[in-house]
Structures are given as structure tokens and as C-alpha cells.
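Coordinate inspection notes
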Amino acid sequence: MDLDKIKKAIIDMDDGAVKTLVETALKEKISAQEILQNSLIAGMKEVGRLFSEQVYFVPEVLLASEAFYIGFNIISPLIKPQQGKSKAKVVMCVIEGDIHDIGKNIVKVMIEAAGYEVIDLGRNVAVKRIVDAVEKEKPDVLAMSSLMTTTMMSMTEVIKELDKMGLRKNLKIIVGGAPLNQEFCDQIGADGYGCDAQEAVQLIEELIK
Amino acid sequence: MNKILDVIEGKQNYAVFPIVGADHCARLLNLNFSEVANDGRKLAEVLEYGYNLYGYDMVLVFSDPYVEAQAMGCQIEYTPYPTIITAKTDKRFDRIPVIIEATRILKQKLDTPIFVSIKGPFSLAAFLIGIDKFLKILVKDTTAAIEAIDQALEFQKKYLSKLLAIGVNIFLGDPLASASVISPDMFEKFAYPPLRVLIDEIKDKRMIAGIHICGDTIPIIPMLDSLKADILSIEDIRPKTKTIKMGGVSTQTILHGTKAKIRAEAHMALEQAPIILATSCDVPPETNPESIKEMTRNAQ
């Protein structure tokens with residue numbers, strides 16, 4: 001079976017086709033790892049490219065992500081631990097008071113597609129829960145997002161708390177969201193700012209080198 | 001005194017309004033925001049306080065973005081500022097009387113143009129359906145999307161007529177209609193038509209109509225111009241527009257920038273006169289009042 005068909009189904013946001021094609025590929029003894037790398041991840045990379053070129057917008061990316069996860073959930077139990085070894089662990093969340101998680105979810109799918117393990121704390125996450133998760137999970141990266149001017153300052157509290165508890169040593173913190181920029185990132189003492197999902201992935205790659 | 005109208009009519013080069021809402025003012029007065037958002041007199045009091053403190057050229061009656069969504073059944077939580085936590089349910093909680101009361105008080109007391117912020121039907125429909133689901137049905141089920149937008153439009157027409165009867169100006173905020181979220185084609189198909197209906201109604205009553213869309217608006221500037229609103233409040237003010245622009249100082253600059261940086265951004269914006277010097281979005285509640293004063297000073 002031509003794995004490009006699955007890639008195309010992701011780009012076409014056709015979740016039904018992704019399901020059928022992934023199941024067919026498995027029946028044809030194509031390995032889960034190969035399906036992941038050469039069709040699902042390849043499809044999302046193309047979706048990311050179309051998004052950065054403003055051919056696709058958020059609705060298309062959401063639907064393509066949905067199609068990606070349909071395929072990913074079928075093959076993920078079949079990927080052996082050593083095959084699926086992640087490059088690094090990322091804890092991510094939308095800050096307290098903010099329920100706008102579309103951007104975070106798009107970043108999540110891109111980060112997972114790039115081979116990272118993601119612990120998603122969800123949206124409207126309190127400072128203490130974020131700090132507790134960092135202490136427990138010991139991630140390489142903490143990614144926080146905010147879409148509102150009323151909530152973004154909570155990121156400062158998270159960073160202060162992590163500093164106070166000595167949890168910054170092996171941790172990189174990245175931030176994103178519509179009202180943020182590099183200046184805000186510098187002001188609050190985060191390690192990086194990404195303006196979209198593609199940039200977030202590049203940023204993580206650079207920070208954990 | 002109506003410097004805003006003077007700018008629109010070409011009699012003045014600039015006016016100023018850092019987008020100060022009730023959250024910032026309530027914080028200055030150490031008031032619990034949920035009390036302010038649910039009490040018309042308190043809402044008017046905090047907005048009047050902000051106006052007197054900073055001396056800008058208009059007042060925006062703006063509590064939070066969820067007044068209409070909550071009145072239609074969405075549930076909100078205060079953390080401490082409102083955030084929407086569900087799509088439309090059967091439990092409605094109507095704060096529109098709070099907004100109306102505050103508007104009447106401010107209109108009566110202050111000699112400055114009063115604007116009320118209401119949601120564009122596209123963004124309101126997204127709140128009603130749930131943002132994720134709504135954005136997906138824009139592609140997968142356009143009939144359902146248009147039904148939700150029509151429902152939001154009908155609600156906003158009634159709300160608007162109550163506001164216009166008081167004789168106030170209107171700002172239509174449509175954050176999800178930005179090209180950071182949807183394509184220009186989707187804007188034209190879904191967001192533009194209901195904005196057009198509301199703006200025509202505002203203009204029929206000879207009140208000032210403003211549109212506020214944050215994020216990327218460059219690809220939709222020609223469509224925004226053709227809506228024939230009086231003011232376009234946008235993040236990136238560099239493109240030429242037929243409509244009077246509002247903006248110039250980034251939200252981050254007003255929050256963290258030095259006075260020199262605020263001055264520099266303000267001066268760059270004023271070079272594009274006629275303009276209403278403003279922040280690119282509403283000022284974060286924690287903003288230092290001295291920064292807002294610095295910005296306001298530069299346009300006076």
C-alpha cells in the first residue's frame with residue numbers, strides 16, 4: 001500500500017479515510033513505526049507547512065489533527081517502547097483563567113508528531129498544579145500558553161514558583177499565545193517564545209540540543 | 001467634547017484611548033471583579049474612575065467578552081476575571097441589564113463619547129457552540145455554522161437596538177474573525193455578513209461604529225474597509241486603510257515597556273494620522289497606571 005494515501009488523507013482532513021487506510025496498511029504488514037513516520041507525521045508536517053503559508057487556517061489544522069489522532073490511536077499500542085522512545089518530555093498547559101486551548105492542542109499534535117512525549121495538563125490550569133506537575137514529571141520543557149491579557153501574567157507566578165523551588169535547573173520554559181511576544185518572554189524570564197506550532201517545535205529542538 | 005468624532009470627520013488629527021476596560025479599573029480600586037461585572041453602578045463607577053484618572057477621549061463600557069454568551073446560556077467562572085467554561089446550556093444568566101445601567105449612568109454623567117463593546121455574531125456563535133467545534137463545522141457543516149451565526153445575529157440585533165435607544169456608540173469585537181484564525185474566504189462567508197447588518201443599523205441611527213479585531217487583519221483589510229465602519233481597531237496599523245485606524249501601542253509595550261518605548265510606539269502611530277492612538281488590545285489589568293498616563297500624554 002502507498003503510504004502517501006494516508007498522508008494525503010490527513011492533508012485532506014478525511015478522518016474516515018485515515019482509519020480505513022491505516023487498518024489496511026497494518027493488515028498488509030506495514031510496521032506501525034513506518035506508518036507513523038512516513039504517513040501520519042509526514043501528513044502533519046505538510047499541514048504545518050500549509051498553515052505557515054496561510055493556505056490552511058485553524059479550522060483545517062484542527063480537522064487534520066483529528067485525522068492524525070484517529071490514525072495515531074490505532075497504531076500507538078503497536079509501537080514498541082524502544083521504537084517510540086521520545087526525544088524529550090514536554091509538559092504543556094493553558095494557564096489558569098483561560099480556556100482557549102486550540103493553539104495549545106495544535107502545538108501538542110506538532111510536538112508529538114516531532115517525536116516528543118507530551119504530558120498535557122489541559123486548560124485553565126492553576127499555578128500550583130503546573131508546579132506540581134514539573135516536580136513530579138521532571139520534564140525537559142514546560143510549554144505554557146495564554147490567549148488573554150487578563151491571564152498571561154500568571155505565567156510569571158509559575159516561573160517565580162519554579163525558581164523558588166529550584167526546579168529550573170534542567171527545565172526549559174517556552175511560552176506562546178496571541179497577546180504574547182518575545183519581549184514578554186524575556187520579561188518574565190522564560191527561555192523561548194514561539195508564535196505558532198512550527199516555531200514551537202523548532203524552539204524545543206534548539207533548546208534541548 | 002468629541003475628539004473621536006472630530007478625527008472621523010477630519011477636523012482633528014488624533015485622539016487617544018488606551019483600551020481600558022473594567023478589569024484594570026476595578027483592580028486600581030481594589031474591587032472584586034465579579035461584583036463589578038454584576039452591578040451596573042459599580043461598573044459605571046470604575047469606568048468613570050479610569051476616565052478621570054487618565055483623561056482619554058472616550059469611554060468604553062467593557063466588562064468582559066462573555067456578557068452575551070452568558071445571557072444565551074454559556075456558563076462562566078471568575079478566576080478572578082471571567083472565563084467561559086461551557087457552550088450554550090439551558091441556564092441563562094443575563095448581565096445585559098448591568099451593561100445598560102452602567103451605560104445610562106456614564107452617558108448622563110460624562111461629557112465624552114460613550115461606546116459599548118458588543119461581540120461580533122461570528123465570535124458569539126463560536127462561544128455558543130464551543131470554539132473547537134464551531135471552527136470545525138465551518139468546514140464540515142456550514143449549514144449548522146450559519147444557523148448558529150444567525151441565532152447570534154438575531155440576539156445582537158435586539159441588544160444593539162436597546163443600546164442605540166440610549167444614544168451610544170458601538171464597538172463590535174470579533175476576535176475569532178481574525179486571519180490568525182480563519183481564512184479571508186471564511187471571513188467573507190461567515191463573519192462579514194452579520195457585521196455588515198449590525199454596522200448598517202448603527203449607521204442608520206447616526207452613531208459611531210467601530211470594529212475591533214486583534215491578531216492578523218492584513219489579508220482582510222479591504223473587506224473591513226468595505227463594511228464602512230467609522231473606526232478599525234487593529235493590531236498592525238501599518239497597512240493603509242480607508243477607515244480611521246485605532247491602535248499603535250502593543251499590549252506588551254503598555255504592560256512591560258519603558259516610557260521611552262511607549263513614547264516611540266505612540267509617535268510612530270501618530271505619524272499615521274488621522275488616527276486614534278490606542279493599545280492593540282485591551283490593557284492587561286496589571287498594567288502600571290504610569291504607562292497608561294505616558295501613552296495618553298503623547299496624544300494630548
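Source: prediction; values computed, not measured.

Thresholds, definitions, all that
- Residues numbered from 1 in each chain as written.
- Chains lettered and ligands numbered in written order.
- Predicted model: local features only at pLDDT ≥ 70, side-chain atom pairs only at ≥ 80, totals over all residues.
- Heavy atoms only, no water.
- Domains from an automatic or database assignment.
- Contact = heavy atoms within 4.5 Å.
- Buried area = accessible area lost by both parts, 1.4 Å probe.
- Salt bridge = Lys/Arg side-chain N within 4 Å of Asp/Glu carboxyl O.
- Polar contact = N/O pair within 3.5 Å; in protein donor to acceptor, adjacent residues only side chain to side chain.
- Helix = DSSP H or I, 4+ residues; strand = E, 2+ residues; numbered from the N terminus.
- Axes fitted to C-alpha atoms, helices over the stretch in contact; angles between N-to-C directions.
- Parallel < 35°, antiparallel > 145°, perpendicular 65-115°, else oblique.
- Left-handed = near helix turned anticlockwise from the far one by under 90°.
- Nonpolar A, V, L, I, M, F, W, Y, C, P; charged D, E, K, R; others polar.
- Pairing = 2+ DSSP bridges.

All names here are of chain A. Under the domain assignment used here, chain A contains domain 1 (4-78) and domain 2 (89-207). Once you take the C-alpha centre of each, domain 1 and domain 2 turn out to be 26 Å apart. Each partner contributes residues to the interface: domain 1 has 13 residues there, and domain 2 has nine residues. Summed over both sides, the interface of domain 1 with domain 2 buries roughly 960 Å², with 77% coming from carbon and sulfur. Three residues stand out in domain 1 for area buried against domain 2, namely Met44, Leu62 and Tyr69, and they jointly supply 35% of the buried area on that side. Between domain 1 and domain 2 we count zero salt bridges in total. Our enumeration of links across domain 1 and domain 2 arrives at one residue pair in polar contact (both at pLDDT 80 or more).

A few words on the interface of chain A and chain B. By a widespread convention, an interface's size corresponds to the accessible area lost as its parts come together. Between chain A and chain B, the residue contacts involve 30 residues of the former and 36 residues of the latter. Together chain A and chain B conceal approximately 2600 Å² of surface at their shared face, both sides included; 60% is due to carbon and sulfur atoms. Linking chain A with chain B are two salt bridges. Across the pair Glu66(A) and Lys136(B) runs a salt bridge, and its minimum N-O distance is 2.4 Å. Between the two partners, chain A and chain B, sit six residue pairs in polar contact (both at pLDDT 80 or more). Broken down by secondary-structure element, the contributors of at least two residues to the side of chain A that touches chain B are α4 (58-75), α5 (102-113) and α8 (182-188) of chain A. For the side of chain A that touches chain B, the element with the most residues is α4(A), which contributes six residues.

With that out of the way, let us pick up the packing of helix α2 (residues 15-27) of chain A against α4(A). All names here are of chain A. Their axes nearest at 8 Å, the elements α2 and α4 cross at an angle of 25°. Viewed along their axes, α2 and α4 adopt a mutual orientation that is roughly parallel. The way α2 lies across α4 gives a crossing that is right-handed. Of the residues in α4, those in contact with Asp15, Val18, Lys19, Val22, Glu23 and Leu26 of α2 are Glu66, Ala67, Ile70, Gly71, Ile74 and Ile75. Taken together, the residues that form the contact of α2 with α4 break down as seven nonpolar, one polar and four charged.

Right, let's get into the sheet that holds strand β8 (residues 231-234) of chain B. Residue and element names in this part refer to chain B. The eight strands are arranged β1-β10-β9-β8-β7-β6-β5-β2 in an open sheet whose pairing can be described as parallel. A strand with exactly one partner marks an edge of an open sheet, and here the two such strands are β1 (14-17) and β2 (59-61). Averaged over all pairs of adjacent strands, the angle between strand axes in this sheet comes to 25°, irrespective of strand direction. Taken together, the four bridges between β1 and strand β10 (residues 275-279) define a ladder with parallel strand orientation. When the bridges of β10 are listed, Ala15 appears paired with Ile276.

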